[in-house]
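Chain and residue survey
In case you want the letters, here they are:
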Amino acid sequence: PVPATGCGNENQNQSRFPSGHYYKTFQADNFQIKYPNWSGIDQKDLLTPDKTKVAVESGGCTFVITINKIPAGINFKDHVEQEVKQQLEQVQGSVLKEDIKDKTSLVESEITLSGIKLHSYSYGALTSPDTAYYSAFISRAEDFENACQPYLDETITSLVFSSK
């Protein structure tokens, strides 16, 4: 959905994906991604505000970008696998799709929190030996296809990163 505007001219000079959806660009270190130009989420509503770099939402879909430090003595792949395992042990959930490599990760999962089933699609990229950025789309499971899916491919394929 196009963000609501007063006069209709506010979005005139903004960038668009080929689909026509408006986007903003996040860039830090060796990481850049285009993400939907949606309303921001208040810091007090975030689970990890200290790690969250971007948090926006629209139409039942939330998109976040977080930064994570990789502990010394563990590689990115093992770290992501441990994180996924720990999260699934803490909440009722399951991994639907997983592709964890040396410098990238893709984890699609469903978890139940407070009786609500959430669907998450997360992509991670290692940008230095101790730092990774993660981008994720999250919504109620029954809403994911309509709320998040239309933005997912263009956002994830816009990702550019390099590892030091």
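Quick summary incoming for the structure in this document. If you're wondering where the values come from, they're calculated on a predicted model, not measured in any experiment. Residue numbers run consecutively from 1 along every chain, following the written order of its sequence. This being a predicted model, a pLDDT of at least 70 is required before a residue's local features are given, and a value of 80 or more before pairs of side-chain atoms are given or counted; all residues contribute to the totals for chains, interfaces and linings. Each side-chain value is derived from all of the structure's non-hydrogen atoms; neither hydrogens nor water enter the calculation.

1. Regarding the sheet that holds strand β4 (residues 52-58)
Backbone hydrogen bonds hold the strands of a sheet together, and the pairing may be parallel or antiparallel. Stated formally: Strands are treated as partners if at least two bridges between them are detected by DSSP. The secondary structure listing takes helices from DSSP runs of H or I that are at least 4 residues long and strands from runs of E that are at least 2 residues long, numbered from the N terminus. Throughout, a residue-residue contact means that at least one pair of heavy atoms, one from each residue, lies within 4.5 Å. The axes used here are C-alpha line fits, helices contributing only the stretch in contact, and every angle between their N-to-C directions lies in the interval 0 to 180 degrees.
With respect to topology, 7 strands assemble into an open sheet ordered β3-β4-β5-β9-β8-β7-β6, the strand pairing being antiparallel. Whereas interior strands pair on both sides, the edge strands pair on one side only; in this sheet they are β3 (39-40) and β6 (92-100). Bridging between strand β7 (residues 104-113) and strand β8 (residues 116-128) involves 10 bridges; their strand directions are antiparallel. Among the inter-strand pairings, T112 is bridged to a residue of β8, identified as K117. Taken strand by strand, helix α1 (residues 76-90) contacts β5 (61-69), β6, β7, β8 and β9 (131-140), and its axis lies near 165 degrees from that of β6. Packing of helix α3 (residues 149-157) onto the sheet brings it into contact with β5, β8 and β9, and relative to β9 it is tilted by some 170 degrees.

2. Here's the deal with α3
Spelled out, the test is: Burial classes: relative accessible area under 20% of the type maximum marks a residue as buried, over 50% as exposed, and values in between as partly exposed (1.4 Å probe, protein chains only).
Of all the residues in α3, the buried ones are Y151, L152, E154, T155 and I156. Of the surrounding secondary structure, the elements contacted by the buried residues of α3 are β2 (31-36), β5, β8, β9 and α2 (144-147).

3. Observations regarding the environment of G73
Relative to the helices and strands, G73 resides in the loop between β5 and α1. Using a relative accessible area of 90% as the deciding quantity, one classes G73 as exposed. It is 23 Å that separates the C-alpha atoms of G73 and L88, two residues lying 15 residues apart in sequence.

4. Some remarks on the pattern of salt bridges
The line we're drawing: Just to be clear on terms, a salt bridge is a Lys or Arg side-chain nitrogen sitting within 4 Å of an Asp or Glu carboxyl oxygen.
In the structure shown here, the tally under the stated rule is 4 salt bridges. Note that D45 is salt-bridged to K44, the shortest N-O span being 3.8 Å. The pair formed by D45 and K44 is uniform in burial state, with each residue classed as exposed. Where D99 meets K101, a salt bridge forms, and the shortest distance between an N and an O atom there is 3.7 Å. Residues participating in the shared-partner salt-bridge network are D42, K44 and D45.

5. Digging into the sheet that holds strand β1 (residues 23-28)
With antiparallel pairing, the 3 strands of this open sheet are ordered in space as β1-β2-β10. Of all the strands in the sheet, the pair left with one neighbour each is β1 and β10 (160-161). Relative to β2, β1 runs antiparallel, the two sharing 6 bridges. Looking across to β2, one finds that T25 is bridged to K34.

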